[in-house]
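Structural overview
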Protein chains: 2
Amino acid sequence: MNNRADNLNIHSLAFLAKCLADENRLRILICVSKVKKSVSRIVEELGLSQPLVSHHLKELRRALLVKVERSGPFVYYEMTDQRILIILAGLDELGAALLSERTTF
Amino acid sequence: MNNRADNLNIHSLAFLAKCLADENRLRILICVSKVKKSVSRIVEELGLSQPLVSHHLKELRRALLVKVERSGPFVYYEMTDQRILIILAGLDELGAALLSERTTF
DNA sequence: TAATTATATATATAGACGTTTATATGTTGA
DNA sequence: TCAACATATAAACGTCTATATATATAATTA
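These remarks concern the structure in this document. These numbers were taken from a predicted model, which means no experiment stands behind them.

Below, the discussion takes up the packing of aromatic side chains. Residues and elements named next belong to chain A. Counted under the stated rule, the structure contains two aromatic pairs over all chains. On the numbers, 6.2 Å between centres and 40 degrees between planes, the contact of Phe74 with Tyr76 is tilted. Take Phe74: its relative accessible area is 39%, and that puts it in the partly exposed class. On the accessibility criterion, Tyr76 (24% relative accessible area) is partly exposed.

In structure tokens form, the structure reads like this:
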């Protein structure tokens, strides 16, 4: 008689969602989803300031969404779990579905 | 050669994630996930103030996550798409997985 | 050790957001 | 129309957060 809605950890859900709720953080996360990249490479690819990228990487790390690896002077970041991409794709698809299914304009 | 990370609508993703990034909003959303409920019923079940519930319902509606239906003096809210629950369950599972898989404590 | 590069942190600020209190709007029944 | 109930909105407040600027730490090389 239980459905999916039970046993959800609201606190954990809100925490993760909050970390995914910023455009720049999403860009950074997706940027390191395929291969690990150094901070400077991320800065270069996204055109964001270095302190800003560092700040967001710290948040992403706090949420365990990325892992860190130092190599010489460089610090490499990489998405920890590919399932994150599946969830993002699901959310993206949902967003499109909600828009197309809405009855009231 | 493309992977899941391409073609994601960053803006839409951030918008949806932001709406899911508040504990009370999540509680309200899950509260109306099975059956439609009036505002007063939600207020009663969750122990939140009526203006607060109304405010969050407005946000949920803005994100198309709930739909509204008036019946007499009551206004009933209901989750628009069951896929939302699947995504929440996926996020929840991910959160647990990230915690158990982390190497650095 | 000095200089250079890479990254992190500290501080400040402006805007967004959740919440409360108070009030308004809308609906029903007498 | 008046009273009672259901819901929405407005204003005010404190807190959080994204960002910029400035500076510090860490690693490399000369």
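Text resumes after the structure shown.
What follows deals with unusual backbone geometry. Unlike most non-glycine residues, Leu64 of chain A shows phi in positive territory, near 65 degrees. Along the chain, Leu64 of chain A turns up in the loop between α4 (50–62) and β2 (66–71).

All right, on to the protein's contact with DNA strand C then. By nearness alone, 23 residues border DNA strand C, and Ser40, Gln50, Ser54 and Tyr77 of chain A together with His56 of chain B come closest of all. Put simply, 72% of the atoms of DNA strand C that lie within 4 Å of the protein are in sugar or phosphate. Taking Ser54 of chain A, its side chain carries an N or O atom lying 2.7 Å from a phosphate oxygen of DNA strand C. Listed by contribution, the elements that provide at least two residues to the surface near DNA strand C are α3 (39–46), α4 and β3 (74–79) of chain A together with α2 (23–31) and α4 (50–62) of chain B. Here the residues of the surface near DNA strand C are counted per class, giving nine nonpolar, nine polar and five charged.

Moving on, we come to the pattern of salt bridges. Where charged atoms from two side chains of opposite charge come close, those side chains can pair. Applying the stated criterion across every chain yields a total of 14 salt bridges over all chains. Note that Arg83 of chain B and Glu101 of chain A form a salt bridge whose closest N and O atoms lie 2.7 Å from each other. Of the two residues, Arg83 of chain B sits in helix α5 (residues 83–101) while Glu101 of chain A sits in helix α5 (residues 83–101), which places them in two different chains. Salt bridges here are not isolated pairs; linked through shared partners, they connect Lys37, Arg41 and Glu45 of chain A.

All names here are of chain B. When you line up the elements, Lys37 lands in strand β1 (residues 37–38). When its relative accessible area of 9% is taken as the criterion, Lys37 is described as buried. Here Cys31 takes part through its backbone oxygen, which lies 2.7 Å from a polar atom of the side chain of Lys37. Ignoring any residue separated from it by four or fewer positions in sequence, one finds Lys37 in contact with Cys31, Val32, Ile42, Glu45, Val75, Tyr76 and Tyr77.

Cut-offs applied
- Residues numbered from 1 in each chain as written.
- Chains lettered and ligands numbered in written order.
- Predicted model: local features only at pLDDT ≥ 70, side-chain atom pairs only at ≥ 80, totals over all residues.
- Heavy atoms only, no water.
- Phe/Tyr/Trp six-rings, centres within 6.5 Å; stacked < 30°, edge-to-face > 60°.
- Buried < 20%, exposed > 50% of the residue type's maximum accessible area, 1.4 Å probe, protein only.
- Helix = DSSP H or I, 4+ residues; strand = E, 2+ residues; numbered from the N terminus.
- Near = heavy atom within 4 Å.
- Polar contact = N/O pair within 3.5 Å; in protein donor to acceptor, adjacent residues only side chain to side chain.
- Nonpolar A, V, L, I, M, F, W, Y, C, P; charged D, E, K, R; others polar.
- Salt bridge = Lys/Arg side-chain N within 4 Å of Asp/Glu carboxyl O.
- Contact = heavy atoms within 4.5 Å.

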